[in-house]
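# Overview (structure and organization)
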Amino acid sequence: MAGAPMSSPDRSSRGDADESRRPMTPRLRIRRFHWSDLDTVWSLHQVALAQVGLTPGDGVYYDDDFPHITEVYVAGGGDFLVGTISRTGIVAMGGLRRVDDHTAEMCRLRVHPEHQRRGYGRQMMRALESRARALGFSALIGDTTLRQVAAVEMYRRAGWRELRREVRGDNVVLYIEKRLDATVSPFSSVR
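The following refers to the structure shown.

### Here's the deal with the sheet that holds strand 7 (residues 171-179)
Spatially, seven strands are ordered 1-2-3-4-5-7-6 in an open sheet, and the strand pairing comes out mixed. Looking at which strands have only one partner, the edges of the open sheet turn out to be strand 1 (29-32) and strand 6 (161-168). Taking each pair of neighbouring strands and ignoring which way they run, the sheet shows an average axis angle of 25°. The pairing of strand 1 with strand 2 (residues 79-85) spans four bridges and is antiparallel. What sits directly across from Ile 30, in strand 2, is Gly 83.

Given below as structure tokens:
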């Protein structure tokens, strides 16, 4: 039928036995950070950055906000969210740090390496974008490194635009933005 959305073939009609063996992806529940989450969030931050080779002293890695998440993010006019799955706990996180009345920085977007490639990063990003709109922000800024290949691709697909690049030590940092009140061309450079 012309104009109709494409649908997946019905695997049961093909007798695809692999489909029944594929594990279900547990549902991610997203909520606001609680002070009791601090140790888990700190550990998630360290594990996720180590996975892509980022370490203290590399010019990119910083963590001075962790002891003050509630003050820096929530009380500062933004928010900090965690994603949990049943019987596992926190597997994802992300923050919104107020920059000015119109702009927030999306930062600390992390998914534990054992739970990546399941859509949790996209879910956290969408929740943070939605929360930013609810808080009255019309733009988001952020950064990532070229080492974080999956993150770069996720931002690109979500409509973020590259503003500039900066070399820091052995890393190339991408500074990006997304207008929440307009459609932009993904990762079109303004260099």
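Back to the text.
### Some details on helix 3 (residues 38-51)
Relative to the 20 Å expected for 14 residues at 1.5 Å per residue, helix 3 spans 20 Å between its end C-alpha atoms, a close match to the ideal helical length. The set of residues buried in helix 3 consists of Leu 38, Val 41, Leu 44, His 45, Ala 48 and Leu 49. For helix 3, the buried positions fall inside an angular range of 125° around the axis, keeping them on one side. Projecting away from the buried face of helix 3 at angles above 90 degrees are the exposed residues Asp 39 and Ala 50. Looking at the buried residues of helix 3, the elements they touch are helix 4 (69-74), strand 2, strand 3 (89-98) and strand 4 (103-111). Just past helix 3, the residue Gly 53 takes up positive phi, approximately 80°.

### Some remarks on the pairing of strand 7
In terms of burial, strand 7 is largely enclosed, as seven of its nine residues are buried. In the sheet, strand 5 (residues 139-145) pairs with strand 7 via seven bridges, with the strands oriented antiparallel. Bridge assignment links Thr 144 to a residue of strand 7, and that residue is Leu 174. Here strand 6 folds back onto strand 7, and the loop between the two strands holds two residues, one of which, Gly 169, carries a positive phi near 60°.

Here is what the cut-offs are and how they apply
- Residues numbered from 1 in each chain as written.
- Predicted model: local features only at pLDDT ≥ 70, side-chain atom pairs only at ≥ 80, totals over all residues.
- Heavy atoms only, no water.
- Pairing = 2+ DSSP bridges.
- Helix = DSSP H or I, 4+ residues; strand = E, 2+ residues; numbered from the N terminus.
- Axes fitted to C-alpha atoms, helices over the stretch in contact; angles between N-to-C directions.
- Expected span 1.5 Å × (residues − 1).
- Buried < 20%, exposed > 50% of the residue type's maximum accessible area, 1.4 Å probe, protein only.
- Arc of directions from axis to C-beta.
- Contact = heavy atoms within 4.5 Å.

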